[in-house]
Amino acid sequence: MSRSVRTRPEGSGRALHEAYDTALLDLDGVVYAGGHAIAHAVDSLAAARDGGMRLAYVTNNALRTPDAVAAHLTELGIPTGAEDVITSAQAVARLIAEQLPSGARVLVIGGEGLRVALRERGLEPVESAEDDPAAVVQGFGGPELPWGRFAEACYAIARGVPWYASNTDLTIPGARGIAPGNGAAVEVVRIATGAEPQVAGKPLPPMHRETILRTGARRPLVVGDRLDTDIEGAFNGEVDSLLVLTGVTDGAQLLAAPPQHRPTYVDADLRGLLTGQPDVTGDAEGGFGCGGWTAKAGGERLELDGDGTALDGLRALCAAAWTAGGERGCALDSGKALARLGW
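Remember, it's a predicted structure, so these values are computed and weren't measured experimentally.

A. Seen up close, the sheet that holds strand 9 (residues 163–165). Taken in spatial order, the 5 strands make up an open sheet running 7-6-8-9-12, and their pairing is parallel. Every other strand in the sheet has two partners, leaving strand 7 (124–126) and strand 12 (198–199) as the edge strands with one partner each. As paired elements, strand 6 (residues 105–109) and strand 8 (residues 135–138) share 4 bridges and run parallel to each other. Across the sheet, residue Leu 107 finds its bridge partner in strand 8, namely Val 136. Lying on the sheet, helix 5 (residues 112–120) is in contact with strand 6, strand 7 and strand 8; it crosses strand 6 at an angle near 160 degrees.

Have a look at this one:
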């Protein structure tokens, strides 16, 4: 992927599962939501795997262990081994192990996924600031995480103990909607202490490094639903990305995206792995075309003419918006154009 400013989604004459050797798939909002498989995910992943693509599941959620995630995916009809799952708990555990001696005690604010990952790196999880921890690590602990755990972190951090966070996603998608994520919990501790954690998860380099080390991917394709983690992580790792519109990102956010949040490809769901991607043609003066649509920046809003699939219309709008936005995000009104596409 070029570091030049992306001004349109790219086309691909080959199906993506043939053009890339490994899919680095986010989970929440991509493969499942609220524990249930997203439409078309199971069949699409099976077809991609049968076509020779390796599937690796890369999640910022540090709550569950790789074994638990793999078992859940297998129950959904997606055969998966623990070695196919990479979590932010593993990335942050490696980060801590590189800075602390073997056997160091680490105060855990989160779930079992963090504890297992720390032990894998020769570190000792502890539960209290009174256990003389050498570090504090914070990861998503689920809706039942007691408020007192945040206080425990604050006590240790106030004594000068270094603080690490698995990730800083503010939200997490679920069956009933969008809920607070680990980033919201991190903010609680940040506000109380004034401290700043070292963060391992997407979109930062430790997570990308962990993923490449564990998968050995040579031509990876990051597949995600979030611009500020999945797509920015791909940008930081200088690899290509596919945004699927089954999670938190809506059309307006995509059109307003700054360069680091612009995916290589855009598709409705994981069926996009099994197809090529259409070219977006044209320029700012004559308009950008995709399928039967033409989009351009006019005055203070984006304009859309023609007819065709909603996805092709969105791709054309992306080209108009990203070109107009340049190295910033596009501020033009996209409401009327998106409404025409059903967004």
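Next comes the rest of the write-up.
B. Local environment of the sheet that holds strand 18 (residues 293–298). Strand order in this open sheet of 4 strands is 16-17-18-19, and the pairing throughout is antiparallel. The sheet is open, and its two edges are formed by strand 16 (281–283) and strand 19 (301–306), each paired on a single side. Strand-to-strand twist in this sheet, taken as the mean axis angle between neighbours without regard to direction, amounts to 20 degrees. Against the sheet, helix 11 (residues 310–325) contacts strand 17 (287–290), strand 18 and strand 19, and its axis sits at roughly 25 degrees relative to strand 18.

C. Local environment of the side chain of Arg 94. Among the structural elements, Arg 94 can be located in helix 4 (residues 88–97). For Arg 94, a relative accessible area of 17% translates into the label buried. Sequence-distant contacts of Arg 94, defined by excluding residues within four places in its chain, comprise Arg 121, Arg 209, Glu 210, Leu 213 and Arg 214.

D. Looking closely at unusual backbone geometry. Look at the link from Lys 202 to Pro 203: it is a cis peptide, with omega at 10 degrees. Mapped onto the elements of the fold, Pro 203 is located in the loop between strand 12 and helix 8 (205–215). Its identity as a non-glycine residue notwithstanding, Asp 132 has a phi of 55 degrees, on the positive side. For Asp 132, the position within the fold is in the loop between strand 7 and strand 8. With relative accessibility at 64%, the residue Asp 132 sits in the exposed group. Phi angles above zero are rare outside glycine, and Glu 238 is one such case at about 60 degrees.

E. Structural detail: the pairing of strand 17. Across the two faces of strand 17 the burial is the same, with Gly 287 and Gly 289 and Phe 288 and Cys 290 all buried. Across 3 bridges, the pairing between strand 16 and strand 17 is antiparallel. Counterpart to Thr 281 in the pairing with strand 17 is Gly 289. Connecting the antiparallel pair strand 16 and strand 17 is a turn made up of 3 residues. In terms of strand pairing, strand 17 meets strand 18 through 3 bridges, oriented antiparallel.

F. Expanded view of the pairing of strand 8. Neither face of strand 8 is open: one carries Ala 135 and Val 137, the other Val 136 and Gln 138, and all of them are buried. Bridge count for strand 8 against strand 9 is 3 bridges, and the pairing is parallel. Directly across from Val 137, in strand 9, lies its bridge partner Tyr 164.

G. Examining the environment of Ala 89 more closely. Counting through the fold element by element, Ala 89 comes out in helix 4. Linking Ala 89 and Gly 111, residues 22 residues apart in sequence, is a C-alpha distance of 9.6 Å. Discounting residues that sit within four places of it in the chain, Ala 89 has contacts with Ala 62, Gly 113, Leu 114, Ala 117 and Ser 166.

H. Highlighting the state of the cysteines. Under the counting rule described, the total for this entry stands at 0 disulfides. In this structure Cys 330 is not part of a disulfide, and its nearest cysteine sulfur, from Cys 318, lies 10 Å away. Note on Cys 330: relative accessible area 10%, which makes it buried.

I. Structural detail: the environment of Val 5. Looking at the secondary structure, you find Val 5 in the segment before helix 1 (16–19). Spatially, the C-alpha atom of Val 5 lies 13 Å from that of Cys 318, the residues being 313 residues apart in sequence. Each residue touching Val 5, except ones within four places of it in the same chain, is listed here: Pro 259, Arg 262, Gly 326 and Glu 327.

J. Highlighting the side chain of Thr 215. With respect to the helices and strands, Thr 215 occurs in helix 8. Taking relative accessible area as the criterion, Thr 215 reaches 10% and is therefore assigned buried. A distance of 3.2 Å separates the side chain of Thr 215 from the backbone nitrogen of Ala 217, its partner in a polar contact. Not counting chain neighbours up to four residues away, the residues in contact with Thr 215 comprise Leu 24, Arg 54, Ala 56 and Ile 86.

Analysis parameters
Residues numbered from 1 in each chain as written. Predicted model: local features only at pLDDT ≥ 70, side-chain atom pairs only at ≥ 80, totals over all residues. Heavy atoms only, no water. Pairing = 2+ DSSP bridges. Helix = DSSP H or I, 4+ residues; strand = E, 2+ residues; numbered from the N terminus. Contact = heavy atoms within 4.5 Å. Axes fitted to C-alpha atoms, helices over the stretch in contact; angles between N-to-C directions. Buried < 20%, exposed > 50% of the residue type's maximum accessible area, 1.4 Å probe, protein only. Disulfide = S-S within 2.5 Å. Polar contact = N/O pair within 3.5 Å; in protein donor to acceptor, adjacent residues only side chain to side chain.

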